[in-house]
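# Inside the fold
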Amino acid sequence: MGLNSFAKIFMPKDKVFYNLFEEVAHNVQKMGEKLVVTVGEPDFEVRQGHIRDLEDMEHVNDEFTHRIFTELGRNFITPFDREDIHYLATALDDVADNIYSSAKKINFYRVDPGDPGIKKLAGLIDQGCQEIKNALLELRNMKNLRKITDALVRINSLENQADDVYDTSIQRLFATENDAKEVIKKRDIFQVLEIATDKCEDVANVIESIIVKYA
Amino acid sequence: MGLNSFAKIFMPKDKVFYNLFEEVAHNVQKMGEKLVVTVGEPDFEVRQGHIRDLEDMEHVNDEFTHRIFTELGRNFITPFDREDIHYLATALDDVADNIYSSAKKINFYRVDPGDPGIKKLAGLIDQGCQEIKNALLELRNMKNLRKITDALVRINSLENQADDVYDTSIQRLFATENDAKEVIKKRDIFQVLEIATDKCEDVANVIESIIVKYA
Amino acid sequence: MGLNSFAKIFMPKDKVFYNLFEEVAHNVQKMGEKLVVTVGEPDFEVRQGHIRDLEDMEHVNDEFTHRIFTELGRNFITPFDREDIHYLATALDDVADNIYSSAKKINFYRVDPGDPGIKKLAGLIDQGCQEIKNALLELRNMKNLRKITDALVRINSLENQADDVYDTSIQRLFATENDAKEVIKKRDIFQVLEIATDKCEDVANVIESIIVKYA
């Protein structure tokens, strides 16, 4: 059996993971975009439509994550460490979960999303998801390492900016909102948005540990 | 040395894990039952007795978890992937922790457990723990795969129902409770109850990944 | 090639991890000490200086954690299980993060750190970090197992004491603080302090699983 036959047997299984992660990359990037649209929409009902779209996209993400775990159980051959595949899928799933959760809470609590802190955090998450896509699409061939590391550096920077926006928003919230129940609601939304940027950073950290080992 | 002697040497070590997970299964199922009794008890002092029982059961669970980790450190031969054993024991421990924690908080905060949301969530957790037991007791021989997958499907459905009950309860809480301190207390209890159902789903997910690989 | 040459080639890589964990041990222990100084400082501006020091120390810790993960990616030879190294570095990083975060929140929320619960929790964290250092410094030669296990027992006991202090503090907070916004702020600080002691216990649990396997 020559190398070509060998490749035919093993490469397709290998490619399964790249294909799945690229699907997730596209989906998560669209969720970031949709989040910005959602928090920019002043009308409750129209916003509810966007939130339902995000729910659908989050379900799509769950399916991909589930298939990655199933393939991980089936495949002896993986393109990078099994535990890295596991961590990467989990971190991406957490990004999707927190994007949908933050959008859902806005209508759930009937909070005005016009708050500048909410808009800024949504924008940073959107940029983070774009960079995640940039990095993930380069994983398959690993030829453009610089493009990956640049994306990772930007994700880390976005997370730092999000921390500052979060701090400023929470301090303003406590200083200006006298209704403690409103404080609880808005703080919850800020927290979930901020966790979404932490999860983007987790994705970046796993990708870094992958390229350190394999590049 | 024949196959029988071989089996005699290795099987007992293998069985250690099944035995321990079955002990945990029984214990967690009893904790679910006890939680329903606890939130159904109107008298503070009698309820305190049930909470102490739950604390004892949670300690028993800690002991089993600790023994699973110790065996994992000692045994080179495990009936399924070492990391799956680790995840499964951790997820079951989290179920037990959250059941005890939610019950404890009711008396701790002196909250009336007669709330319909609390009762419904406790009931869903109880059902989830019963299904966890159903699934875990089938792991040893893996002959009745359908029974395991049916239990996993039901655990996932229970978690979805719990999400809905949680959402409804939190919205009602914010709409009807004017004392923000009471909102904080009750929201904390709802959150811990809801996390308990998430942890039941985590258990189901690990069991699924085990049967995908070994069945 | 004799055993000595073999040792020369492999031992230095092995030692990298001990060196890094010992650096972390010293850093975390200093952070525990600094936390006690911070919560004992009545002046806002002077306290702010201590918080900035803690931020620097937390960054130093991040660097060490990052180097441990990088070495883990590079090294095929590790002194103990790769996953244990991963868990240990993560748990130590969580201790450092929660120490800095709790200190930061005190000035962030402009809360009076003179509260007896805050002081007691900071003291327990300080003791926990000292015991973590005691245990980590013995890992390299593993000759004084008793010294390690004694430290682990004390860390577990400190975590139990912290649980009690936390419960008492939260109950007193709800009973005596009428401003719900203040309840939210102080509860947040108590929670982060209590999580720091949980993370100390996580460190102890990983160290225990390491010595069970290798001692």
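Nothing here was measured: the structure is a model prediction, and the numbers come from that model.

When you go through chain A residue by residue, the secondary structure sums to six helices and zero strands. Counting from the amino terminus, chain A carries its helices and strands in the arrangement α-α-α-α-α-α. Across its three principal axes, chain A shows a C-alpha extent of roughly 75 × 30 × 25 Å. In chain A, buried positions account for 53% of the 215 residues. Intrachain contacts of chain A at a sequence separation of at least 6 include 80% that bridge at least 24 residues. Element-wise, carbon and sulfur atoms account for 50% of the exposed surface of chain A, whose accessible area totals about 9700 Å². Charged side chains in chain A number 28 positive and 39 negative. The centres of these two groups are separated by 4 Å.

For the pair chain B and chain C, the best superposition has an RMSD of 0.0 Å and corresponds to a rotation of 120° with a translation of 0.0 Å parallel to the axis. On this basis, the relationship between the two copies can be described by a three-fold rotation axis. Within chain B, A180 of chain B has its C-alpha nearest the rotation axis, a separation of 3.5 Å. A share of only 17% of the interface residues of chain B reappears at the interface of chain C, consistent with the copies meeting through non-equivalent patches.

Moving on: the nonpolar core. If you look at soluble globular proteins, the nonpolar side chains tend to sit buried side by side. With 198 residues, the main nonpolar core has L88 and L139 of chain A, L88, L139 and I207 of chain B together with L88 and L139 of chain C as its most contacted residues. Residues within four places of L139 of chain C in sequence aside, it is in contact with Y18, F80, L88, I148, I207, I210 and I211 of chain C.

This next bit is on the side chain of K133 of chain B. All names here are of chain B. Relative to the helices and strands, K133 resides in helix α4 (residues 116-138). Of the side chains with opposite charge, E33 comes closest to the buried, unpaired K133, at an N-O distance of 6.7 Å. A polar contact is formed between the side chain of K133 and the side chain of Q29, at a distance of 3.2 Å. With residues up to four places along the chain from it excluded, the contact list for K133 reads A25, H26 and Q29.

Looking now at the relation of the copies chain B and chain A. Take chain B, turn it by 120°, move it 0.0 Å along the axis, and it overlays chain A with an RMSD of 0.0 Å. An overlap of only 14% is found between the interface residues of chain B and their copies at the interface of chain A, pointing to separate contact surfaces.

The subject of this paragraph is the interface of chain B and chain A. Contacts between chain B and chain A engage 14 residues on the former and twelve residues on the latter. Taken together, both faces of the contact between chain B and chain A bury some 1300 Å²; the carbon and sulfur share is 62%. For R187 of chain B, the salt bridge identified is with D188 of chain A, shortest N-O distance 3.2 Å. Applying the counting rule to chain B against chain A returns six residue pairs in polar contact (both at pLDDT 80 or more). Contributing elements (two or more residues each) for the side of chain B that touches chain A: α5 (145-176) and α6 (180-214) of chain B. With seven residues, the single largest contributor to the side of chain B that touches chain A is α6 of chain B. Its residues assigned to classes, the side of chain B that touches chain A comprises seven nonpolar, two polar and five charged.

All right, on to the side chain of E201 of chain C then. In this structure, E201 of chain C sits in helix α6 (residues 180-214). Contacts of E201 of chain C, omitting those with residues within four sequence positions, involve I155, N156 and E159 of chain C.

Right, let's talk about the environment of T176 of chain C for a bit. Looking at the element boundaries, T176 of chain C is found in helix α5 (residues 145-176). Engagement of the side chain of T176 of chain C in a polar contact is seen with the backbone oxygen of R172 of chain C, the distance being 2.7 Å.

Residues and elements named next belong to chain A. When pLDDT is averaged along chain A, the result is 91; 93% of the residues meet or exceed 70. Of all the helices and strands in chain A, helix α1 (residues 3-39) carries the lowest mean pLDDT, 80, while helix α4 (residues 116-138) carries the highest, 97. In this model residues 1-11 is a low-confidence stretch, pLDDT under 50, and it forms four contacts with partners more than four residues away in sequence or in other chains.

Turning next to the interface of chain B and chain C. Facing twelve residues of chain B, the contacting portion of chain C comprises 14 residues. Together, the buried faces of chain B and chain C total about 1300 Å²; carbon and sulfur atoms form 62% of this surface. When the buried area of chain B at its contact with chain C is split by residue, F108, K181 and I184 of chain B rank highest and sum to 48% of it. One can count two salt bridges joining chain B with chain C. Looking at the side of chain B that touches chain C, the elements that each hand over two or more residues are α2 (44-74), α3 (82-108) and α6 of chain B. Here the element with the most residues in the side of chain B that touches chain C is α6 of chain B; it accounts for five residues. In terms of residue class, the side of chain B that touches chain C is made up of four nonpolar, four polar and four charged.

Criteria and thresholds
Residues numbered from 1 in each chain as written. Chains lettered and ligands numbered in written order. Predicted model: local features only at pLDDT ≥ 70, side-chain atom pairs only at ≥ 80, totals over all residues. Heavy atoms only, no water. Helix = DSSP H or I, 4+ residues; strand = E, 2+ residues; numbered from the N terminus. Buried < 20%, exposed > 50% of the residue type's maximum accessible area, 1.4 Å probe, protein only. Contact = heavy atoms within 4.5 Å. Areas by Shrake-Rupley, 256 points an atom, 1.4 Å probe, with all protein chains shown as cover. Lys, Arg positive; Asp, Glu negative; His and termini not counted. Charge placed at Lys NZ, Arg CZ, Asp CG, Glu CD. Least-squares fit on C-alpha atoms with pLDDT ≥ 70 in both. Core = buried A, V, L, I, M, F, W, Y, C linked by side-chain atoms within 4.5 Å. Salt bridge = Lys/Arg side-chain N within 4 Å of Asp/Glu carboxyl O. Polar contact = N/O pair within 3.5 Å; in protein donor to acceptor, adjacent residues only side chain to side chain. Buried area = accessible area lost by both parts, 1.4 Å probe. Nonpolar A, V, L, I, M, F, W, Y, C, P; charged D, E, K, R; others polar. pLDDT = per-residue confidence, 0-100.

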